[in-house]
Amino acid sequence: MATVVLLRHGRTTANATGVLAGRTPGVRLDDLGRGQAERAGARLAGVPLARVVSSPLERCKQTTRAVLAAQPTEPPLLTERGITECDYGEWQGRTLKELAKEKLWRTVQAQPSAAAFPGGESMSAMQARAVEAVRRHDAEVEAEHGPGAVWVAVSHGDIIKSVLADALGMHLDLFQRISVDPASLSIVRYSEQRPYVLASNTHEGDLSWLAPPAKGRGRRSRRAATTDAAVGGGAGPGEQRTGAHP
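What comes next concerns the included structure. (Residues numbered from 1 in each chain as written. Predicted model: local features only at pLDDT ≥ 70, side-chain atom pairs only at ≥ 80, totals over all residues. Heavy atoms only, no water.)

1. Section: the nonpolar core
Heads up, the rule is: As used in this record, nonpolar core signifies buried Ala, Val, Leu, Ile, Met, Phe, Trp, Tyr and Cys residues forming a set joined through side-chain atoms within 4.5 Å. Throughout, exposure labels follow a simple rule: accessible area from a 1.4 Å probe, protein chains only, divided by the maximum for the residue type, with under 20% read as buried, over 50% as exposed, and the rest as partly exposed. Helix numbers and strand numbers start at the N terminus; a helix is a DSSP run of H or I with at least 4 residues, a strand a run of E with at least 2. Contacts between residues were defined by any pair of non-hydrogen atoms, one from each residue, lying within 4.5 Å.
Val4, Leu6, Trp91, Phe117 and Met123 are the most contacted members of the largest nonpolar core, which totals 38 residues. Mapped onto this core, the elements with two or more residues apiece are strand S1 (3-8), strand S2 (49-54), helix H5 (103-110), helix H6 (123-145), strand S4 (150-155), helix H7 (157-167) and strand S5 (185-190). Per-element accounting of this core gives the leading share, seven residues, to H6. Not counting residues up to four positions away in its chain, the partners in contact with Leu6 are Ala153, Ile160, Val163, Leu164, Ser184, Leu185, Ser186 and Val188. The next biggest cluster of nonpolar side chains, apart from the first, holds 19 residues, and it includes Leu7, Leu44, Leu185 and Leu210.

Structure, rendered in structure tokens:
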């Protein structure tokens, strides 16, 4: 099983002023956001990345550059439109305070599967293309680098929330229960049986346990085909190095 780290871009000037940036060109990280991106890159520095995939928007590209700069050996970089920001249509560029007065706002909050932005896309379509893109890249990474490979997708808040909701088996109408802060890291491991959400919306903490184990550890390789969940919860990340858990 490959593992994807879902990284939201750092804080932007639009985030700081309460504006829905959407796909507006030229929206960049502010000073705080640049620091957040650097810290995210530092957290990933000890994890050899097989691939980094970025949304084409500038704020994600800036965050991606911070991740690549922290890697000892720069991994391949791809741009993926499937994980670009939701097309908010006529909502783009307006303040959240103003948008909260719109009738559609309540639908976005309570029944996002029924929400379609005027002149833009529906939230269901957003989730479908984002999940397809993430699962496609994940399958490619595993096919090329084998189970245990780790890659990063740098994307946006609603995109990552929708991918996490799919991985958790949640209906899209429940995805507003998930928080994804700027420059936070969430981790998903896909398997034939089910996805495993290993972490969500994290800002601190050692990620060295994600690094693939050294080759030649026979015990792990013998058990690598097992993707069942550990009854009782297992012993935690350390066991993944010894092969005691999928």
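2. Let's talk about the packing of H6 against H7
We count it as follows: To define axes, lines are fitted to C-alpha atoms, for helices over the stretch in contact only, and angles between the resulting N-to-C directions are given on a 0 to 180 degree scale. Our angle categories are set so that under 35 degrees counts as roughly parallel, over 145 as roughly antiparallel, 65 to 115 as roughly perpendicular, and the remainder as oblique. Each residue receives one of three labels: charged for Asp, Glu, Lys and Arg, nonpolar for Ala, Val, Leu, Ile, Met, Phe, Trp, Tyr, Cys and Pro, and polar for the others, Gly being one of them.
The geometry of H6 relative to H7 is characterised by a closest axis approach of 9 Å and an angle of 75 degrees between their N-to-C directions. For the element pair H6 / H7, the angle class is roughly perpendicular. Two secondary-structure elements touch here, H6 through Met123, Met126, Gln127, Arg129, Ala130, Val131, Val134 and Arg135 and H7 through Asp158, Ile159, Ser162, Val163, Ala165 and Asp166. Considering only residue class, the contact of H6 with H7 consists of eight nonpolar, two polar and four charged.

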